[in-house]
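Residue-level structural notes
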Amino acid sequence: MDVEFEAGPPDALRRRVTILTGIPALLATVVGTLGPFVVDVPGLTNLIFVGGVWLLLSWLVGHRDGYRLSETGVRRDGRLRTRTYDWDDFEGYAASDEAMTLYRSGPWPAVRFSLTDVEDPQRVREVVADNLSAA
């Protein structure tokens with residue numbers, strides 16, 4: 001019943017992250033780097049730091065995680081930490097041809113991943129359907 005795979009965020013989320021973090025980060029970095037040569041504004045070079053933090057956020061959110069679905073739950077291996085969720089932690093799921101969302105109980109964010117990155121998406125759907133009901 002165990003399934004292991006690597007997947008990134010769904011394409012729509014990846015685009016949103018790129019637009020909301022990547023583009024402003026690039027602009028802040030460029031203005032912070034080139035701005036002092038054009039205008040004399042104190043603290044303009046601080047934008048280099050702000051842009052760097054935004055780029056780091058974009059890199060952390062937009063990367064591929066490793067997932068393992070087993071009888072006990074879901075293990076998600078990220079860049080900074082590994083999280084394990086029991087199947088009881090989820091209220092349900094939603095799946096499309098391109099992505100799957102596992103809805104967590106309470107105020108916690110859902111677990112989202114792209115099925116286009118998965119080698120056998122049908123097997124992933126089967127394991128999730130065996131353990132959760134569709135939302």
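**Concerning the overall build of the protein**
The helix and strand inventory of the protein stands at 3 helices and 7 strands. In sequence order, the secondary structure elements of the protein are arranged as β-α-α-β-β-β-β-β-β-α. Its C-alpha atoms give the protein principal-axis dimensions of roughly 65 × 25 × 25 Å. As displayed, the protein has an accessible area near 8400 Å², and 57% of this comes from carbon and sulfur atoms.

**A short note on the sheet that holds strand 5 (residues 90–95)**
Taken in spatial order, the 3 strands line up as 5-6-7 in an open sheet, and their pairing is antiparallel. Strands at the two margins of the open sheet, each flanked by one partner only, are strand 5 and strand 7 (111–114). Taken pair by pair, the neighbouring strands of this sheet meet at an average axis angle of 10°, ignoring direction. The pairing of strand 6 (residues 99–104) with strand 7 spans 4 bridges and is classified as antiparallel. Residue Met-100 lies in a different strand from strand 7, and its bridge partner there is Phe-113.

**Concerning the packing of aromatic side chains**
Any aromatic ring pair is given by two values, namely how distant the centres are and how the planes are angled relative to each other. Using the criterion set out here, one finds 5 aromatic pairs in the structure. Consider the rings of Phe-5 and Phe-113, whose centres lie 5.2 Å apart with planes at 55°: the pair is tilted. Here the residue Phe-5 occupies a position in strand 1 (residues 3–7), and Phe-113 occupies one in strand 7, the gap between them amounting to 108 residues. Note on Phe-5: relative accessible area 10%, which makes it buried. Aromatic side chains Trp-87 and Phe-90 sit 6.1 Å apart centroid to centroid with 55° between the ring planes, which places their arrangement in the tilted category. Across this residue pair, the class does not change: Trp-87 and Phe-90 are buried. Taken together, Phe-5, Tyr-67 and Phe-113 form an aromatic cluster joined through their ring pairs.

**Examining the nonpolar core**
Membership of the largest hydrophobic core comes to 20 residues, with the highest contact counts inside it found for Phe-5, Leu-102, Phe-113, Val-124 and Val-128. Counting residues per element, the ones that place at least two in this core are strand 1, strand 2 (65–69), strand 5, strand 6, strand 7 and helix 3 (121–131). If near-sequence neighbours (up to four positions away) are discounted, Phe-113 is found in contact with Phe-5, Ala-7, Gly-8, Pro-10, Tyr-67, Ala-99, Met-100, Leu-102 and Val-124.

**What about the pairing of strand 1?**
Only one face of strand 1 is buried: it carries Val-3, Phe-5 and Ala-7, and the other face, with Glu-4 and Glu-6, is open. When strand 1 meets strand 2, the two strands line up antiparallel, connected through 5 bridges. Bridging from a neighbouring strand, Phe-5 pairs with Tyr-67 of strand 2.

Cut-offs used in this document
- Residues numbered from 1 in each chain as written.
- Predicted model: local features only at pLDDT ≥ 70, side-chain atom pairs only at ≥ 80, totals over all residues.
- Heavy atoms only, no water.
- Helix = DSSP H or I, 4+ residues; strand = E, 2+ residues; numbered from the N terminus.
- Areas by Shrake-Rupley, 256 points an atom, 1.4 Å probe, with all protein chains shown as cover.
- Pairing = 2+ DSSP bridges.
- Axes fitted to C-alpha atoms, helices over the stretch in contact; angles between N-to-C directions.
- Phe/Tyr/Trp six-rings, centres within 6.5 Å; stacked < 30°, edge-to-face > 60°.
- Buried < 20%, exposed > 50% of the residue type's maximum accessible area, 1.4 Å probe, protein only.
- Core = buried A, V, L, I, M, F, W, Y, C linked by side-chain atoms within 4.5 Å.
- Contact = heavy atoms within 4.5 Å.

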